[in-house]
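Residue strings, one per chain:
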Amino acid sequence: MRPDFARAARAILVSSAVAWLIPAAISFSTRTQAADLTPQQQVEGQLMCYCGCSDLTVRVCSCGTADSIRQEIASRLGNGETPDQVVAAFVAQHGEQIRSAPTKSGFDLVAWVTPFLVIALAGSALVVVVHRWGSRRMSRTTAPGAPPAEEERHAPTPEERRALERVRRELRERR
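The rules behind the values
- Note on numbering: residues in each chain are counted from 1, in written sequence order.
- Thresholds applied to this predicted model are a pLDDT of at least 70 for local features of residues and 80 or more for the giving and counting of side-chain atom pairs; totals over whole chains, interfaces and linings are not thresholded and use all residues.
- The basis for every side-chain value is the complete set of non-hydrogen atoms in the structure, without hydrogens or water.
- For helices, the fitted axis covers only the stretch in contact; all axes are lines through C-alpha atoms, and the angles between them, taken along N-to-C directions, range from 0 to 180 degrees.
- Helix and strand assignments come from DSSP, with helices taken as H or I runs of at least 4 residues and strands as E runs of at least 2, each series counted from the N terminus.
- Between 65 and 115 degrees an angle is taken as roughly perpendicular, under 35 as roughly parallel, over 145 as roughly antiparallel, and anywhere else as oblique.
- Crossing chirality is assigned from the near helix's rotation relative to the far helix, an anticlockwise turn below a right angle marking it left-handed and a clockwise turn marking it right-handed.
- Contact criterion: two residues are considered in contact whenever any of their non-hydrogen atoms come within 4.5 Å of each other.
- Residue count minus one, scaled by 1.5 Å, sets the expected span of a helix.
- Between buried and exposed lies partly exposed: a residue is buried under 20% and exposed over 50% of the maximum accessible area for its type, with that area taken using a 1.4 Å probe on protein chains only.
- The directions considered for the arc run from the helix axis to the C-beta atoms.
- We call a set of buried Ala, Val, Leu, Ile, Met, Phe, Trp, Tyr and Cys residues a nonpolar core when their side-chain atoms join them within 4.5 Å.
- Lys, Arg, Asp and Glu make up the charged group, whereas Ala, Val, Leu, Ile, Met, Phe, Trp, Tyr, Cys and Pro make up the nonpolar group; the residues left over, Gly among them, are polar.

Student: Hey, could you run me through the packing of helix α2 (residues 39-46) against helix α4 (residues 83-94) in this one?
Tutor: Each pair of packed helices can be described by the angle between their axes along with the distance between the axes. Contact geometry for α2 and α4: axes closest at 9 Å, N-to-C directions at 30°. Put simply, α2 runs roughly parallel to α4. Considering how the two elements wind past one another, α2 and α4 form a crossing that is right-handed. Every residue of α4 that contacts α2 at Pro39, Val43 and Gln46 is listed here: Pro83, Val86 and Val87.

Student: In this structure, what is going on with helix α3 (residues 64-78)? I would like to understand it.
Tutor: For α3, spanning 15 residues, the distance from its first C-alpha to its last is 21 Å, which sits close to the expected 21 Å at 1.5 Å a residue. Buried within α3 we find Ala66, Ile69, Arg70, Ile73 and Leu77. Seen from one end, α3 has its buried residues packed into an arc of 100°, which puts them on one side. Turned more than 90 degrees from where α3 packs its buried face, Gly64, Gln71 and Gly78 sit exposed.

Student: For this particular structure, what's the right way to read α4?
Tutor: In an α-helix there are 3.6 residues to a turn, and that puts residues three or four apart on one side. The end-to-end C-alpha separation of α4 is 17 Å, in line with the 16 Å expected for 12 residues at 1.5 Å each. Restricting attention to buried positions, one finds in α4 the residues Val86, Val87, Ala89, Phe90 and Val91. Buried positions along α4 lie against α2 and α3. Once α4 finishes, Gly95 follows within two positions and takes phi at roughly 95°, a positive value.

Student: In this structure, what is going on with the nonpolar core? I would like to understand it.
Tutor: Soluble, globular proteins show a tendency: their nonpolar side chains are buried together. Counting residues in each nonpolar core, the largest one holds 15 residues, and the members touching the most others are Val43, Leu47, Cys49, Val58, Ile73, Val86 and Phe90. Going through the elements one at a time, α3 and α4 are the ones with two or more residues in this core.

Student: Which parts of the structure should I look at to understand the environment of Leu121?
Tutor: Relative to the assigned elements, Leu121 resides in helix α5 (residues 109-140). Given a relative accessible area of 56%, Leu121 falls into the exposed group. Along the chain, Leu121 and Ile12 lie 109 residues apart, while their C-alpha atoms are 8.3 Å from each other.

Student: Is there a simple way to think about the environment of Ala17 in this case?
Tutor: Residue position: Ala17 is located in helix α1 (residues 3-35). Put simply, Ala17 and Ala120 are 103 residues apart on the chain and 8.6 Å apart in space, counted from C-alpha to C-alpha.

Student: Whenever I open this one, the packing of α2 against α3 confuses me. Can you help?
Tutor: Packing of α2 against α3 brings their axes to within 10 Å, and their N-to-C directions diverge by 135°. The orientation of α2 with respect to α3, classified from their angle, is oblique. In this structure, α2 crosses over α3, and the sense of that crossing is right-handed. In this structure, α2 uses Pro39, Gln40, Val43 and Glu44 to contact α3, whose residues at the interface are Arg70, Ile73, Ala74 and Leu77. Residues of the contact of α2 with α3, tallied by class, amount to five nonpolar, one polar and two charged.

What follows is the structure in structure tokens.
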């Protein structure tokens, strides 16, 4: 295996590993933050306010619609429903668009994985492209006084030969 290929492969593996670790870190962070919230706050953070004034969760929005949603959440939780049941009831009533984030199962998992996969692939492609540019540039540079690289040599065209002969002839005449 060529050293430059091995280096590029190593860079791709490292960037892929980082891209897969980022979602795990975010998930861990989200779980620890969710543990500090009350069930009411957890539900409010999972639902979007449908007031139309802005794209905010019920927990953050300050409009009257958000207040009525918060009252309904409190009422449902007070009646013994679990936070998951409350969210499911709102989703059944208003559709999946009321969720503040897609679920982490089924087809919705694609929405979570795709951005990280795209970042990993783009980073890997960038590493490979930059590496190729660098290796091409290094192969084109030659030491001073060294003959030009093979691709830089070319046979002179008939016009170039005539011009070269004319220059040589004029140089001889001036001596």
